[in-house]
Amino acid sequence: MQKNEIKIIEEVSLDNPIFIEALPGIGHVGKLAADHLIDELEAVKFAEIYSPSFPPQVFIGEGGIIENMYNELYYLKSQGEDERDFIILVGNTQSLSTEGQYSLCGDILDFLEPFGVKELFTLGGLATGQPVEDPKVFGAATDTEKIKILEEVGVEIRSSDGGIVGASGLFLGLGQLRGMSGVCLMGETPGYFIDAQSAEAILIKLSKLLKIEVSTDELEKRAEETKSMISKAQQMEQEMMSHQMTQQDGDDLRYIG
């Protein structure tokens, strides 16, 4: 494979769809939210994407069956109050290199333009490095009009404190050069585990922005499991620290005696 390949599974006709990107990233926040959206609204896969810039590996699934590194495109028609069409990009990887990211994002935008895509929503995580009790959703956008829309649904605007790395940022930047407007939603997450709680927070905001109804019951169950896992990890950490302090005290006493 010498170049990016987009394999068409089904030819579809869409009416100026909104594009949603959610490739794997920090805490898999965006990916979880988009996968849930696809399952709940029964989106249909219509294309697969392969690239020489993907990691040189395969995944081993159940029963020893391998799974290639790929991205997928799904579509939804006439959804929500505005009866809008959508194209959703998900997958199990992003490109490894800077050149690969630019090449692949550019090729995907080339593919999207004939559908009439003018709006982009990218989803990701914002690492805190520590547990978050009630994750906030931060946002950035290509223009002030989109910023106002974010503020109306309670998204906190992230400003002057770093960039948006990877596909979630690059799609907005390259899209803007093509006359597309866009938004990035970033859910707070510790960043070191798959975070369903943050994914749920993002999906709630996204649903309001897109004026669609999506049940988050399953994500909420996973979020509760995440909370339980964090609580157990914190308890174990405290017990270990307490044990270490007891050992140190014992060592000191033996030394003094």
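Look above for the structure.
My aim in this report is to walk through the structure given alongside it, one point at a time.

Calculation rules
- Residues numbered from 1 in each chain as written.
- Predicted model: local features only at pLDDT ≥ 70, side-chain atom pairs only at ≥ 80, totals over all residues.
- Heavy atoms only, no water.
- Patch = residues over 30% accessible without salt bridge, like charges linked within 9 Å, V, L, I, M, F, W, Y side chains within 5 Å.
- Areas by Shrake-Rupley, 256 points an atom, 1.4 Å probe, with all protein chains shown as cover.
- Salt bridge = Lys/Arg side-chain N within 4 Å of Asp/Glu carboxyl O.
- Lys, Arg positive; Asp, Glu negative; His and termini not counted.
- Charge placed at Lys NZ, Arg CZ, Asp CG, Glu CD.
- Helix = DSSP H or I, 4+ residues; strand = E, 2+ residues; numbered from the N terminus.
- Buried < 20%, exposed > 50% of the residue type's maximum accessible area, 1.4 Å probe, protein only.
- Pairing = 2+ DSSP bridges.
- 1 Å grid on protein atoms, 1.4 Å probe; cavity = no way out; pocket = protein on both sides within 12 Å on 5 of 7 lines; lining within 4 Å.
- Points joined across faces, edges and corners; volume = space filled by probe spheres on them.
- Nonpolar A, V, L, I, M, F, W, Y, C, P; charged D, E, K, R; others polar.

### Observations regarding a negative patch on the surface
A cluster of acidic residues, Asp39, Glu40, Glu42, Asp217 and Glu220, forms a negative patch at the surface. Only helix 1 (29–41) and helix 6 (217–256) provide two or more residues apiece to the negative patch. Relative to the elements of secondary structure, Glu42 occurs in the loop between helix 1 and strand 3 (44–50). Residue classification places Glu42 among the exposed residues on the basis of a relative accessible area of 64%.

### Looking at the pattern of salt bridges
Per the stated rule, a full pass over the model turns up 10 salt bridges. Of the charged contacts in the structure, one is a salt bridge between Lys45 and Glu72, with a shortest N-O distance of 3.0 Å. Of this pair, Lys45 sits in strand 3 while Glu72 sits in strand 6 (residues 71–79), and the two are 27 residues apart along the sequence. The class of Lys45 is partly exposed, set by a relative accessible area of 24%. The class for Glu72 is buried, based on a relative accessible area of 10%.

### Focus on the pairing of strand 7 (residues 84–91)
Among the eight residues in strand 7, seven count as buried, and that is most of the element. As paired strands, strand 2 (residues 18–21) and strand 7 are joined by four bridges and run parallel to one another. For Glu21, the partnering residue across the bridge sits in strand 7 and is Leu89. Hairpin connection, strand 6 to strand 7: the antiparallel pair is bridged by four residues, and Gly80 has positive phi, about 75°.

### Details of empty space enclosed by the protein
A full pass over the atoms with the stated rule returns two cavities of 30 Å³ or more. Its boundaries defined by the atoms lining it, the largest cavity holds a volume of some 50 Å³. Every residue lining the largest cavity is listed: Leu23, Asn71, Leu89, Gln94, Ser95, Gln101, Leu104, Cys105, Ile108, Ala167 and Phe171. Elements that contribute at least two residues to the lining of the largest cavity include exactly helix 2 (98–112) and helix 4 (167–177). Per-element accounting of the lining of the largest cavity gives the leading share, four residues, to helix 2. Broken down by class, the residue content of the lining of the largest cavity amounts to seven nonpolar, four polar and no charged.

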